Amino acid sequence: IPDSVILLEGNPFAKWKSLKTITVSDSHPRFSAEDGILFSLDKSKLISYPRKHAGDEYSVPANVTCIGKEALYGAGDLLQVTLPEGLIEIGDNAFFALDSVPCISIPSTVTTIGINPFYGMYRLEEIRVSPGNKTFTVQQGALYNRKTNTLVAFPRRYVTSAFAFRNGITSI
C-alpha cells in the first residue's frame, strides 16, 4: 500500500480470494503490516487478514484493541483464532466466512460487538465468554449483550434439543 493511500473503509481486500500477504511502505503515515497482515499504524486495529495467508491458526496480537469490519473475511483456512485480553471491539462481520473455526472465546475486555460478527462460520459450535466480561454472556449456547438485552449470535452447529430465550430479551 503506497503512502498516498490514507483512507481504507472496512477491509478493502475482503473479496480478494487469492491474496496471501499485504505490504505497506515503512514510511506510511496511517497503516502498517506485520507478517503480511494489515493494521493501523500503531497496530491497535486489525484491518485485513488476507484470505490465503499461510497457517491454520492465528493469535491476534496483544496490542490490538479493535478488530475491524470484515477484518478476517473469508480466511477459511483458519482452524483457530485466539483473541487477546485487552481487545475492546469486534467490528461488523469481523469473522465472516471463517467456516472452519469451531470455537471463539471472547475476552473479558470486549465491550462492543458489531452486526453479524460470526456470519458464515458454518462450523462454529461454541462461543465462550470470559467470566470477567461485564457486557457479554453466554446462555444455552447463545451470545447475549447483558446491557442491552440483545441476542448477538447463536453458533450454527451448537447442539441442543430445546432453546428458551433469556429472560428480559428485547432484541434479536
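Up top is the structure.
Residues numbered from 1 in each chain as written. Predicted model: local features only at pLDDT ≥ 70, side-chain atom pairs only at ≥ 80, totals over all residues. Heavy atoms only, no water.

## Remarks on the layout of surface pockets
Thought 1: Space inside the largest pocket adds up to approximately 230 Å³.
Thought 2: In this structure, the largest pocket is lined by 15 residues; those nearest its centre are F118, Y119, G120, A153 and F154.
Thought 3: When its residues are assigned to classes, the lining of the largest pocket shows 12 nonpolar, 2 polar and 1 charged. (1 Å grid on protein atoms, 1.4 Å probe; cavity = no way out; pocket = protein on both sides within 12 Å on 5 of 7 lines; lining within 4 Å. Points joined across faces, edges and corners; volume = space filled by probe spheres on them. Nonpolar A, V, L, I, M, F, W, Y, C, P; charged D, E, K, R; others polar.)

## Structural notes on a nonpolar patch on the surface
Thought 1: A surface patch of nonpolar side chains, amounting to about 490 Å² of accessible area, comprises F154, Y158, F163, F165 and I172.
Thought 2: The topology assignment puts F154 in the segment after β13 (150-153).
Thought 3: With relative accessibility at 36%, the residue F154 sits in the partly exposed group. (Patch = residues over 30% accessible without salt bridge, like charges linked within 9 Å, V, L, I, M, F, W, Y side chains within 5 Å. Areas by Shrake-Rupley, 256 points an atom, 1.4 Å probe, with all protein chains shown as cover. Salt bridge = Lys/Arg side-chain N within 4 Å of Asp/Glu carboxyl O. Helix = DSSP H or I, 4+ residues; strand = E, 2+ residues; numbered from the N terminus. Buried < 20%, exposed > 50% of the residue type's maximum accessible area, 1.4 Å probe, protein only.)

## Remarks on unusual backbone geometry
Thought 1: The phi angle at A97 is positive, at roughly 65°, despite the residue not being glycine.
Thought 2: The residue N149 is not glycine, and still its phi comes out positive at about 55°.
Thought 3: One can find N149 in the loop between β12 (142-145) and β13.
Thought 4: Residue class for N149 comes out partly exposed when judged on its relative accessible area of 25%.

## Some points on the packing of aromatic side chains
Thought 1: One pass over the full model with this rule turns up 8 aromatic pairs.
Thought 2: Ring centres 4.9 Å apart and planes at 80° place the aromatic pair F13 and W16 in the edge-to-face group.
Thought 3: Judged by relative accessible area, F13 falls into the buried class, the value being 13%.
Thought 4: Since its relative accessible area comes to 47%, W16 is described here as partly exposed.
Thought 5: Judged by centre distance (4.5 Å) and plane angle (10°), the rings of Y73 and F96 are stacked. (Phe/Tyr/Trp six-rings, centres within 6.5 Å; stacked < 30°, edge-to-face > 60°.)

## Describing the pairing of β12
Thought 1: By the alternation rule, side chains of β12 split into A142 and Y144 and L143 and N145, which are all buried.
Thought 2: Across 4 bridges, strand β11 (residues 136-139) lies against β12 in antiparallel orientation. Residue pairing in the sheet places V138 in a bridge with L143 of β12.
Thought 3: Where β11 folds back on β12, the antiparallel hairpin that results is connected by 2 residues, among which Q140 adopts a positive phi of roughly 50°.
Thought 4: As paired elements, β12 and β13 share 3 bridges and run antiparallel to each other. Looking across to β13, one finds that L143 is bridged to A153.
Thought 5: Two successive antiparallel strands, β12 and β13, enclose a turn made up of 4 residues, where N149 displays a positive phi of approximately 55°. (Pairing = 2+ DSSP bridges.)

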